Amino acid sequence: MTASAAVREARLWQRHAEMARLGATAKGGVNRQALSAEDVAARKLLASWAQARGFAVSTDAIGNLFVRRAGEQHDAAPVMTGSHMDSQPTGGRFDGIYGVLAGFEVLEALEDAGIRTRRPLEVVAWMNEEGSRFPVGAMGSAVFAGRLALDKALAVRDPKGTTVAAALAETMAAAPVARRARIGGPVAAYVEAHIEQGPRLEADCRTIGVVTGIQGSRRYAVEVTGEEAHAGTTPRAARKDALSAAVAVVAALETLMEDPTDTVRFTVGRFEVFPGSPNTVPGRVYFTIDFRHPDQAVLEARGGRIAAVAAAHARGCTVSVSQLTDVPPTVFAPSIVDLVRDCTAGLGLPYMDMPSGAGHDAMHIATLCPAGMIFVPCERGISHNEAENATPADLAAGCRVLADALTTLANR
Ligand code: GLV
Ligand code: MN
Ligand code: MN
């Protein structure tokens with residue numbers, strides 16, 4: 001029996017339903033942000049399933065969670081798969097968790113079929129991929145890959161001022177797991193399954209996206225500081241209105257990012273006004289910028305002008321721009337892209353090659369070892385939305401491709 005033939009669609013779907021209860025929202029999505037009580041519950045559930053199958057569970061100093069099925073050669077570098085269990089505040093039931101559960105299904109399928117592999121296989125739930133609570137996305141995989149220093153990551157704060165270090169200590173106390181001696185590899189190869197989060201596979205009636213790479217991305221935090229004043233008495237000329245300045249800055253940045261080819265992705269997703277009182281002129285505004293493009297030269301040219309454009313529209317306020325992340329475009333290893341394509345074709349599934357617009361943990365792990373990704377269709381391309389949806393059959397199809405790819409890699 002092959003690994004893919006042992007994948008059980010109903011079990012994979014049932015596990016999604018069980019995970020979707022943790023942080024379930026009224027509109028059918030999930031709110032399971034990194035290192036929250038809901039994340040703790042998800043960690044406990046995954047660990048309980050792993051222990052029931054005799055798989056080893058461990059964590060590292062940044063809170064990545066590993067489930068390991070031993071290989072015949074115990075000390076060989078493992079083949080890894082996985083994704084993330086944290087979600088957006090109004091997230092869907094598949095973004096991230098699919099990659100973890102598909103990986104876990106592969107481990108169970110191999111176990112059921114009695115298939116041994118030469119190398120160990122590990123499923124990883126990477127910590128804080130979304131970056132919605134702690135504003136550095138793909139944090140756990142970046143630390144694992146040595147692209148982000150551990151102490152820098154631990155010092156990042158959520159909007160309430162809680163550090164990653166404090167939230168991680170609470171999480172580890174609530175869901176204790178054996179701690180690994182060190183962070184990072186070696187890793188023999190990495191393959192991540194994910195829903196597409198865009199409309200192309202559904203529109204083209206393809207079941208599998210063979211992912212060739214990921215566009216580059218940068219995040220910035222912008223702080224505009226003016227002066228609080230009485231809304232009824234302060235003349236316009238005497239105001240340092242941080243909101244007026246921030247609105248002008250955002251408008252100027254929209255102009256900087258104009259692109260007739262519609263390839264640039266520019267988003268201001270968090271915008272906070274202080275003190276937030278109707279009759280006080282705002283003294284401070286905080287907002288975030290998410291900027292993406294497949295071409296490093298464009299990221300550098302336009303990203304490099306953000307601070308100057310912001311300063312030029314400050315309207316008497318001060319503007320400080322800090323860059324939080326800088327991830328160059330990723331090109332996946334041809335050996336993994338070809339393997340994913342071959343496994344897909346071998347199963348007779350319709351597929352297309354495609355780049356990823358969204359960021360994924362694979363972009364960091366690709367700096368450690370040959371890496372690639374498998375996409376499955378996402379209903380109407382809707383993601384980062386509680387309405388996100390996928391079919392049990394498509395999820396199982398992606399899992400079967402993953403099963404054959406991982407088994408091949410684990411026997412190399
Ligand atoms: C991940 O969710 C991203 O922001 O691309
Ligand atoms: Mn994701
Ligand atoms: Mn996401």
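Reading the values: rules and limits
Residues numbered from 1 in each chain as written. Chains lettered and ligands numbered in written order. Predicted model: local features only at pLDDT ≥ 70, side-chain atom pairs only at ≥ 80, totals over all residues. Heavy atoms only, no water. Helix = DSSP H or I, 4+ residues; strand = E, 2+ residues; numbered from the N terminus. Rg over C-alpha atoms; globule rule 2.2 N^0.38 Å. Buried < 20%, exposed > 50% of the residue type's maximum accessible area, 1.4 Å probe, protein only. Contact = heavy atoms within 4.5 Å. Areas by Shrake-Rupley, 256 points an atom, 1.4 Å probe, with all protein chains shown as cover. Expected span 1.5 Å × (residues − 1). Pairing = 2+ DSSP bridges. Lys, Arg positive; Asp, Glu negative; His and termini not counted. Salt bridge = Lys/Arg side-chain N within 4 Å of Asp/Glu carboxyl O. Polar contact = N/O pair within 3.5 Å; in protein donor to acceptor, adjacent residues only side chain to side chain. Donors = N, O, S within 2.8 Å, 3.2 Å for Na, K, Ca; no water. Phe/Tyr/Trp six-rings, centres within 6.5 Å; stacked < 30°, edge-to-face > 60°. Lys NZ or Arg CZ within 6 Å of the ring centre and 35° of its normal. Domains from an automatic or database assignment. Buried area = accessible area lost by both parts, 1.4 Å probe. Nonpolar A, V, L, I, M, F, W, Y, C, P; charged D, E, K, R; others polar. Near = heavy atom within 4 Å.

K.L.:
I'd like a description of the overall build of the protein chain, backed by residues and values.
P.N.:
Broken down by element type, the protein chain carries 13 helices and 17 strands. In terms of overall size, the protein chain behaves like a compact globule, its C-alpha atoms giving a radius of gyration of 22 Å where 412 residues would be expected to give roughly 22 Å. Across its three principal directions, the C-alpha atoms of the protein chain cover 80 × 50 × 40 Å. Expressed as a percentage of its 412 residues, the buried residues of the protein chain come to 55%. In the protein chain, the proportion of contacts linking residues at least 24 apart, taken out of those at least 6 apart, comes to 80%. As presented, the protein chain carries roughly 16500 Å² of accessible surface, and 52% of it is formed by carbon and sulfur atoms.

K.L.:
Residues and numbers for helix α8 (residues 242-256), please.
P.N.:
Helix length check: α8, at 15 residues, gives a terminal C-alpha distance of 21 Å against a target of 21 Å (1.5 Å per residue), a fit within 8%. On the buried face of α8, the contacting elements are β8 (216-225), β10 (265-267), β11 (271-274), β13 (284-293), α9 (296-303) and α10 (306-312).

K.L.:
Talk me through the pairing of strand β4 (residues 121-126); I want residue IDs and the actual numbers.
P.N.:
Taken across its 6 residues, β4 has 6 buried, putting it largely inside the fold. Judged by which residues are buried, β4 turns out to be covered on both faces: Leu121, Val123 and Ala125 on one side and Glu122, Val124 and Trp126 on the other are all buried. Bridge analysis of strand β2 (residues 65-69) against β4 gives 5 bridges, and the strand direction is antiparallel. Each residue of the ladder has a partner; that of arginine 69, found in β4, is leucine 121.

K.L.:
Please provide a residue-by-residue account of the side chain of glutamate 129, values included.
P.N.:
As for its placement among the helices and strands, glutamate 129 is situated in the loop between β4 and α4 (139-144). Despite its burial, glutamate 129 pairs with no opposite charge, the nearest such side chain being arginine 292 at 7.3 Å. In this structure the side chain of glutamate 129 is engaged in a polar contact, spanning 3.2 Å, whose partner is the side chain of histidine 84. In this view, glutamate 129 contacts His84, Asp86, Gly137, Ala138, Gly359, His360 and Asp361; residues no more than four positions away in its chain are not counted.

K.L.:
So what about the coordination of the manganese ion (ligand 3)? Which residues, and what values?
P.N.:
Only Asp95 (OD), Glu130 (OE), Glu130 (OE) and His384 (NE2) from the protein coordinate the manganese ion (ligand 3), and they sit 2.1 to 2.4 Å from it. Sequence positions of the residues that donate to the manganese ion (ligand 3) give the spacing D-x34-E-x253-H. By relative accessible area, aspartate 95 is classed as buried at 7%. Taking relative accessible area as the criterion, glutamate 130 reaches 5% and is therefore assigned buried.

K.L.:
An account of the packing of aromatic side chains is requested, with residue identities and associated values reported.
P.N.:
Aromatic rings considered in pairs are described by the distance between their centres and by the relative angle of their planes. In this structure the tally under the stated criterion is 8 aromatic pairs. Where tryptophan 49 meets phenylalanine 104, the ring centres are 6.3 Å apart and the plane angle is 35°; that geometry is what we call tilted. Linking tryptophan 49 in helix α2 (residues 37-52) with phenylalanine 104 in helix α3 (residues 97-113), this pair joins segments that are 55 residues apart in sequence. Pairwise contacts between aromatic rings join Phe66, Trp126, Phe144 and Tyr190 into one cluster. One Lys or Arg, arginine 284, reaches over the ring of phenylalanine 274 and ends 4.0 Å from the middle of that ring.

K.L.:
Help me get a handle on the domain arrangement of the protein chain, residues and values and all.
P.N.:
Domain assignment breaks the protein chain into domain 1 (4-215 + 329-410) and domain 2 (216-327). Placing the centre of domain 1 and that of domain 2 at their C-alpha centroids yields a distance of 33 Å. Facing 16 residues of domain 1, the contacting portion of domain 2 comprises 15 residues. Buried surface at the junction of domain 1 and domain 2, both sides included, amounts to about 1100 Å², of which 52% is carbon and sulfur. Applying the counting rule to domain 1 against domain 2 returns 0 salt bridges. There are 3 residue pairs in polar contact (both at pLDDT 80 or more) connecting domain 1 and domain 2. Of the residues belonging to the side of domain 1 that touches domain 2, the class tally is 7 nonpolar, 7 polar and 2 charged.

K.L.:
For the coordination of the manganese ion (ligand 2), give the residues involved together with the corresponding values.
P.N.:
The coordination sphere of the manganese ion (ligand 2), as far as protein atoms go, consists of His84 (NE2), Asp95 (OD) and His194 (NE2), spread over 2.0 to 2.3 Å. The metal-metal distance between the manganese ion (ligand 2) and the manganese ion (ligand 3) comes to 3.6 Å, with aspartate 95 coordinating both. Linking histidine 84 in strand β3 (residues 79-84) with histidine 194 in strand β6 (residues 189-195), this pair joins segments that are 110 residues apart in sequence.

K.L.:
How would you explain the site of ligand 1 if you had to name every residue and give the values?
P.N.:
As a structural note, the neighbourhood of ligand 1 is formed by Glu129, Glu130, Arg292, Ala358, Gly359 and His384. Here an oxygen atom of ligand 1 and a side-chain polar atom of arginine 292 are 2.6 Å apart. Side-chain polar atom of histidine 384 to an oxygen atom of ligand 1: 3.1 Å apart, as the coordinates give it. Considered on its own, ligand 1 offers 200 Å² of accessible surface; in the complex 91% of this is hidden by protein. By residue class, the composition of the shell around ligand 1 is 1 nonpolar, 2 polar and 3 charged.

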